[in-house]
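Below, each chain spelled out in residue letters.
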Amino acid sequence: MSWLAAIAGVIVLLTLVWDVYSTVFVPHGPAGPVSRRLYASAWSGWRRVAGRLPPESRRHRLSLLGPLLVPLTVLTWFSMLVVGYALIYYPWAEAFLVSPPEVGKFPSWAKALYFSGYSATTLGVGDVVPRGVVLRFVSVLEAAHGFMLFSVAVTYLLSIYTVLNRATALAVSDSLIV
């Protein structure tokens, strides 16, 4: 049963890589599988909420979701990274070295999630440490993935906001001409 969690973690991480690659690095292609579903569900819910607003503010409210989707996408990617690695750590989380001992009293899934979260952010607190060379190398790999995801996210945010600023400036200049 423990291997199923690790396999599920690998599947989550492979889906994350596919989604980031498809969304960020493929120009003019469709968004990745996770981002595409996130965008569709967010727009559907946002339209339902905006449909209840007065018609004069509806268009303005609908336009607010576009810029919010970028940080929401990055947050989803980071969550996938932490959960994917936590699933990989989970089968061995009970054997993690914990200091101080009272920290070790929480469930092994919480230890795995906590360790994954601070490994992904490269925080490196050190109060929970995996035993064994393999898990230590996996945590270094997660830190590298976290750093890469942060770099890609910043690049993605800057590129999207640059495009949004140009589109907004063009829309404003066109409305001034007419």
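This text follows the structure it describes.
None of the values given here were measured: they were computed from a predicted structure. Throughout, a residue's number is its position along its own chain's written sequence, starting from 1. Under the rules for a predicted model, residues below a pLDDT of 70 receive no local features and side-chain atom pairs below 80 are neither given nor counted, while totals for whole chains, interfaces and linings still include all residues. Side-chain measures were taken over the full set of non-hydrogen atoms in the model, leaving aside hydrogen atoms and water.

(A) A look at the packing of aromatic side chains. Only the six-membered ring of Trp is used, alongside the rings of Phe and Tyr, when aromatic pairs are assigned; centres must lie within 6.5 Å, and planes under 30 degrees apart are stacked while those over 60 apart are edge-to-face, with the rest tilted. Applying the stated criterion across every chain, the model contains nine aromatic pairs. Measuring from centroid to centroid gives 5.7 Å for Trp3 and Trp92, while their planes differ by 85°, and the two rings are edge-to-face. One end of the pair, Trp3, is in helix H1 (residues 2-25); the other, Trp92, is in the loop between helix H4 (65-89) and strand S1 (97-98), with 89 residues separating them in the sequence. The exposure class assigned to Trp3 is exposed, which follows from its relative accessible area of 59%. Classification of residues uses two cut-offs on accessible area relative to the type maximum, computed with a 1.4 Å probe and protein chains only: under 20% is buried, over 50% is exposed, and between them is partly exposed. For Trp92, a relative accessible area of 33% corresponds to the partly exposed category. Between Phe96 and Phe115, the aromatic rings sit 5.3 Å apart at their centres with planes inclined by 65°, giving edge-to-face as the arrangement. Taken as a pair, Phe96 in the loop between H4 and S1 and Phe115 in helix H5 (residues 108-120) lie far apart in primary sequence, 19 residues in all. Only DSSP runs of H or I with at least four residues qualify as helices, and only runs of E with at least two residues qualify as strands; both kinds are numbered from the N terminus onward.

(B) Representation of unusual backbone geometry. A positive phi angle is found at Thr122, which is not glycine, with a value near 55°. In this structure, Thr122 sits in the loop between H5 and strand S2 (128-129).

(C) Structural detail: H5. To estimate how far a helix should extend, the number of its residues minus one is multiplied by 1.5 Å. With 13 residues, H5 should reach 18 Å at 1.5 Å per residue; the first-to-last C-alpha distance of 18 Å fits that figure. Within H5, 10 of the 13 residues are buried, which leaves it mostly tucked inside the rest of the structure. For H5, every residue scored as buried is listed here: Ser108, Ala110, Lys111, Ala112, Phe115, Ser116, Gly117, Tyr118, Ser119 and Ala120. Positive backbone phi, approximately 55°, marks Thr122, located one or two places after H5.

Spatial relationships are all this shows, so hold off on functional conclusions.
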